[in-house]
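Tertiary structure, described
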Amino acid sequence: MSNIVDPLVGRIAARVRTERERRRWTLAQLADASGVSQAMISRIERGESSPTAVVLGKLSAAFQLSVASLLALAEGAEGTEGTEGTEGTEGTDDDTDRGAGVRRRAEAAEWRDPGTGYRRRQITGPAFPAEIAEIVLPAGARVPYPAAAFAFVRQVVWVLDGRLTFHDGDTVHDLEPGDTIELGAPADRVFTNTTEADCRYAVVLTRDTRP
């Protein structure tokens, strides 16, 4: 997958800049809203720094997008302007058909968190009505997200392999292969792998209301 990771970092950079500019925010305003330093945001937007999952969580929360949505928009950035993520534009039949058909495993971009080694592969295309992603959480990894990253979405986590310790606010769930959890109202959440083997899970997400 190494041959497609670097271009994806560039698409994330472009998407963060696009989301900021369409809100007419300065770098300083996004820094205030997200808690990410202005210098870090600037490096991300220039493609000079690959954001960690934690940083993406803070940025997506500021944009009132889920991390999955932000990454899906980035992964589908080429040729998808005017569909998802753009206000005031209705989809067309061509938009609905975009990406339909077979998608080979080798064609799917994989994003890797430089901080934890967390890997994410987008399963559905940008025009599909639900976002489905496959996640691999390495042994010992811990990825926290703020409550705002879960605003305006309905989300299900489905454990495929390994064991996932999921912190949903103050409640902790130990999930094994085949277990699912449907998330309720937004809360601070943490995905943790306390085992010595990778955990693989799927995230299925739909949007309730556009921010």
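Report follows, based on the coordinates. (Residues numbered from 1 in each chain as written. Predicted model: local features only at pLDDT ≥ 70, side-chain atom pairs only at ≥ 80, totals over all residues. Heavy atoms only, no water.)

A word on the side chain of Thr192
Heads up, the condition is: Only DSSP runs of H or I reaching four residues or more are called helices, and only runs of E reaching two or more are called strands; each is numbered from the N terminus. We call two residues in contact whenever any of their non-hydrogen atoms come within 4.5 Å of each other.
Structurally, the position occupied by Thr192 is in strand β9 (residues 189-192). Every residue in contact with Thr192, bar those within four places of it in the chain, is listed here: Leu137, Ala141, Arg142, Arg163, Leu164, Thr165 and His167.

Observations regarding helix α2 (residues 27-34)
Because each turn of an α-helix spans 3.6 residues, side chains separated by three or four positions end up pointing in the same direction. Operational definition: Partly exposed describes any residue whose relative accessible area lies between the buried limit of under 20% and the exposed limit of over 50%, with all areas from a 1.4 Å probe on protein chains only and scaled to the type maximum. By construction, the arc corresponds to the directions joining the helix axis to the C-beta atoms.
Within α2, burial applies to Leu30, Ala31 and Ser34. Buried residues of α2, seen end-on, are gathered within an arc of 105° and therefore sit on one face of the element. Just downstream of α2 lies Gly35, where phi reads positive at about 80°.

Topic: the sheet that holds strand β6 (residues 164-168)
Test applied: For two strands to be treated as a pair, DSSP must find no fewer than two bridges joining them. Fitting a line to C-alpha atoms yields each axis, with helices limited to the stretch in contact; the angle taken between N-to-C directions then spans 0 to 180 degrees.
Pairing in this open sheet of four strands is antiparallel, and the strands run β4-β9-β6-β7 from one edge to the other. Because the sheet does not close on itself, it has two edges, and the strands there are β4 (142-145) and β7 (171-175). Sheet twist, expressed as the average angle between the axes of neighbouring strands with direction ignored, equals 15°. Direction of pairing for β4 relative to β9: antiparallel, over a ladder of four bridges. Bridge pairing in β9 places Arg142 opposite Thr192.

Concerning unusual backbone geometry
Positioned with a positive phi, Gln64 is a non-glycine residue whose angle comes to about 60°. Relative to the helices and strands, Gln64 is located in the loop between α4 (53-63) and α5 (67-75). Its relative accessible area of 36% is what places Gln64 among the partly exposed residues. Even without glycine at this site, Phe152 takes up a positive phi of about 65°. Within the element layout of this structure, Phe152 appears in the loop between β4 and β5 (153-161). Residue Phe152 is classed as partly exposed on the basis of its relative accessible area of 27%.

Some details on the packing of α2 against helix α3 (residues 38-45)
Each packed pair of helices is defined by two parameters, the angle between the axes and the distance between the axes. What counts here: An angle counts as roughly parallel when it lies under 35 degrees, as roughly antiparallel when it exceeds 145, as roughly perpendicular when it falls between 65 and 115, and as oblique in every other case. Whether a crossing is left-handed or right-handed is set by the direction in which the near helix is turned from the far one by less than a right angle, anticlockwise for left-handed and clockwise for right-handed. Side-chain classes follow a simple rule in which Ala, Val, Leu, Ile, Met, Phe, Trp, Tyr, Cys and Pro form the nonpolar group, Asp, Glu, Lys and Arg form the charged group, and the remainder, Gly included, forms the polar group.
Where α2 contacts α3, the two axes come as close as 9 Å, and the packing angle between them is 115°. One way to sum up the angle between α2 and α3 is to call them roughly perpendicular. For the crossing formed where α2 meets α3, the hand is right-handed. Facing Leu27, Ala28, Leu30, Ala31 and Ser34 of α2, the residues of α3 in contact are Gln38, Ile41, Ser42 and Glu45. Looking at the contact of α2 with α3 residue by residue, the class counts come to five nonpolar, three polar and one charged.

Remarks on the environment of Leu73
If you trace the backbone, Leu73 turns up in helix α5. Considering only alpha carbons, one finds Leu73 and Ala127, 54 residues apart in sequence, at a separation of 9.9 Å.

Thoughts on α3
Residues of α3 that are buried include every one of Ile41, Ser42, Ile44 and Glu45, and no others. Buried residues of α3 fall within an arc of 160° about the axis and therefore sit on the same side. Gly47, located one to two residues past α3, shows a positive phi value of around 75°.

Looking at empty space enclosed by the protein
Where empty space is left becomes clear once a probe the size of a water molecule has been rolled over the atoms. For clarity, the threshold we go by: Any residue with an atom within 4 Å of a point lines the site, the site being either a cavity, points on a 1 Å grid over the protein atoms alone where a 1.4 Å probe fits but cannot get out, or a pocket, an open set with protein on both sides within 12 Å along at least 5 of 7 lines. Grid points are joined across faces, edges and corners, and a volume is the space filled by probe spheres set on the points.
For the structure on display, the rule yields one cavity of 30 Å³ or more. In this model, the largest cavity occupies a volume close to 160 Å³. Taken together, 15 residues line the largest cavity, and the ones lying closest to its centre are Val67, Ala68, Tyr145, Gln155 and Val203. When residues of the lining of the largest cavity are traced back to their parent elements, those giving at least two are α5, β3 (131-137) and β10 (199-207). The leading source of residues in the lining of the largest cavity is β10, at three residues.

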